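# Coordinate analysis (summary)
Listed below, chain by chain, are the residues.
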Amino acid sequence: MHANIVVLPGDGIGPEIVSATLPVLEAVARRHGHSFAFQEHDIGGVAIDRHGVPLPESTLEAARGADAVLLGAVGGPKWSDPNAKVRPEQGLLAIRKALGLFANLRPVRPHPAALGASPIKAGLLEGVDIVIVRELTGGIYFGDRTRSETDASDVCRYTVEEIERVVRRAAALARSRRGHLTSVDKANVLETSRLWRDVASRIVREEFPDVTLEHQLVDSMAMHLLSKPRAYDVVVTENMFGDILTDEASMLAGSLGLLASASLGDGRTGIYEPIHGSAPDIAGKGIANPYATILSAAMLLRHSLGLEAEAASIEAAVSAALDAKVFTADLAATGRAVDTQQAAQAVIERLG
Ligand code: NAD
């Protein structure tokens, strides 16, 4: 197949990890008879410097016309003045909104070679394979706000349609995996959560009878995620609960440098990016871990291009590189570390 992929390297280590990832996609294309055209555009701090805005119209237009978007990371000390009118992160929020991306998927599958890097006991982590699906466009982060001398308020609001579409995404994913969906809410207290629970129950009952649905309160989920992470397959939740639980879940995997993500909507075009930031402390040194970006590219092949075998071959190759202890500095506690390009090359050499 032919696919147009828009590439947004962004700031800090973004350009390094993205330029290490593109040869992996090219190698997959060669092996499987596809052709991928890459079109690079600015976002974040680099876009503020060059265009005065974090999301130039040209970037958005290109993304709208693409099959998928691969993103590095945005931000850095140069643009971090909290009083600045334009900030790099605004570019990310704006592009997700403009593309109608409402579901953020974060897989957490700790690799045996990296278990030691997690603060959680290795015995609890073996066999963990979770995908958290976080609602991305509604809830308290987008509700009306008020502020006076003596009080402040943030409104949490969800519509039936917003809940239906993200639960459908998550249930379809559960169906393609182990068939188990956990919906997380606070239905003992919040009205939005009671609506969430009703809608989730109906969608799964009517449209996914083969998927097992379990409801879990967010406070107990916060405990269970650490005490019995193996019990979960796909977890779906609203925006703020998802924000917190995904960061908690990232600790299961040990290194930020291994965690990929996808932001998806109703169309095929999604944005794929590592969950870590632009790591300004190591930017320009060529030592950043590219695995999270490479694994994000695998998600791109799976979710936007429907290339499951190709996605799985990248995931297996990263896993094999980790098995062979091809570690960048963040993973190599002791011993020799490879650089960004060498890590990506090790993945290419192991592609099936
Ligand atoms: P960070 O994720 O950039 O870095 C945290 C720590 O992890 C640093 O020590 C860094 O060196 C290390 N690290 C991160 N990714 C790594 C990789 N691939 N390989 C090796 N080490 C890695 O978080 P931060 O320092 O809090 O934020 C830095 C900047 O990134 C800020 O401007 C922040 O706003 C931005 N940020 C952007 C995104 C995004 O683009 N989606 C996400 C988070 C933070």
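Bear in mind that the values here come from a model prediction, so they are computed numbers and not experimental data. Residues take numbers from 1 onward in each chain, read along the sequence in its written order. For a predicted model such as this one, the threshold for reporting local features is a pLDDT of at least 70, and the threshold for listing and counting side-chain atom pairs is 80 or more; totals across whole chains, interfaces and linings nevertheless cover every residue. Each side-chain value is derived from all of the structure's non-hydrogen atoms; neither hydrogens nor water enter the calculation.

### Here we look at the overall build of the protein
Labels follow the DSSP assignment, with helices taken as runs of H or I lasting at least four residues and strands as runs of E lasting at least two, numbered in each case from the N terminus. Looking only at helices and strands, the protein has 12 helices and 12 strands in total. For 352 residues, the compact-globule estimate of 2.2 N^0.38 gives 20 Å, and the C-alpha radius of gyration of the protein, at 20 Å, lies within 12% of that figure. The buried share of the protein, taken over its 352 residues, is 54%. In this analysis, two residues are considered to be in contact whenever any of their non-hydrogen atoms come within 4.5 Å of each other. The long-range fraction of contacts in the protein, counting pairs at least 24 apart against all pairs at least 6 apart in sequence, stands at 76%. Note on areas: Shrake-Rupley with a 1.4 Å probe; residue coverage comes only from the protein chains shown. Surface summary for the protein: the accessible area is close to 15100 Å², and the carbon and sulfur share equals 53%. Here the positive residues are Lys and Arg and the negative ones are Asp and Glu; neither His nor the chain ends is included. A charge is said to be at NZ when it belongs to Lys, at CZ for Arg, at CG for Asp and at CD for Glu. Between the centroid of the 35 positive side chains of the protein and the centroid of its 44 negative side chains there is a distance of 3 Å. Note on method: radius of gyration uses C-alpha positions; expected globular size equals 2.2 Å times residues raised to 0.38. Note on classification: 1.4 Å probe, protein chains only; a residue is buried when its accessible area is under 20% of the maximum for its type, exposed when over 50%, partly exposed between these limits.

### Considerations on the site of the ligand
Throughout, near means a residue has at least one heavy atom within 4 Å of the molecule or strand. Neighbouring the ligand are 20 residues, the closest being Val74, Gly277, Ala279, Asp281 and Asn289. Gly76 has a polar backbone atom sitting 3.0 Å from an oxygen atom of the ligand. Throughout this description, a polar contact denotes any pair of N or O atoms lying within 3.5 Å of each other; where both atoms belong to protein, one of them has to be capable of donating a hydrogen while the other can accept it, and for residues adjacent in sequence the pair is counted only when both atoms sit in side chains. Measuring from a nitrogen atom of the ligand, one finds a side-chain N or O atom of Glu273 at 3.4 Å. Here the ligand loses 67% of its free accessible area of 800 Å² to cover by the protein chains. Gly is placed with the polar residues, together with every amino acid not listed as nonpolar (Ala, Val, Leu, Ile, Met, Phe, Trp, Tyr, Cys and Pro) or charged (Asp, Glu, Lys and Arg). A class-by-class count of the residues in the shell around the ligand yields 10 nonpolar, six polar and four charged.

### A word on the pairing of strand E3 (residues 68-73)
Among the six residues of E3, six are classified as buried, and the element is accordingly described as predominantly covered. Two strands form a pair only when DSSP identifies at least two bridges running between them. Where strand E1 (residues 2-10) and E3 come together, five bridges link them in parallel fashion. Among the inter-strand pairings, Val6 is bridged to a residue of E3, identified as Val69. Two elements, E3 and strand E12 (residues 271-274), share two bridges in a ladder whose sense is parallel. Bridge pairing in E12 places Leu70 opposite Tyr272.

### Comments concerning helix H6 (residues 160-176)
Helix span, expected: 1.5 Å multiplied by one less than the number of residues in the helix. Across its 17 residues, H6 extends 24 Å between first and last C-alpha, which sits within 8% of the 24 Å expected from 1.5 Å per residue. Considered for burial, the residues of H6 that qualify are Glu162, Ile163, Glu164, Val166, Val167, Ala170, Ala171, Leu173 and Ala174. Elements that come into contact with the buried residues of H6 comprise strand E4 (103-108), strand E5 (130-135), strand E8 (180-185), helix H7 (191-207), strand E10 (234-237) and helix H10 (291-303).

### Some details on unusual backbone geometry
The backbone of Ala279 shows a phi angle near 40°, a positive value even though the residue is not glycine. Even without a glycine there, the phi angle at Lys325 is positive, about 60°. Relative to the helices and strands, Lys325 resides in the loop between helix H11 (308-323) and helix H12 (340-349).

### Some details on the domain arrangement of the protein
Along its sequence, the protein is organised into domain 1 (1-101 + 260-352) and domain 2 (119-253). Each of domain 1 and domain 2 was reduced to a C-alpha centroid, and the two centroids are 25 Å apart. Opposite the eight residues of domain 1 that make contact, domain 2 presents five residues. Defined in terms of a 1.4 Å probe, buried area is the accessible area two parts forfeit on being brought together, summed over both. Buried area between domain 1 and domain 2, both sides added, is near 570 Å², and the carbon and sulfur share of it is 61%. Salt bridge, as used here, is a side-chain nitrogen of Lys or Arg placed within 4 Å of a carboxyl oxygen of Asp or Glu. Our enumeration of links across domain 1 and domain 2 arrives at zero salt bridges. Between domain 1 and domain 2 we count one residue pair in polar contact (both at pLDDT 80 or more) in total. As annotated, the domain borders come from an automatic or database domain assignment.

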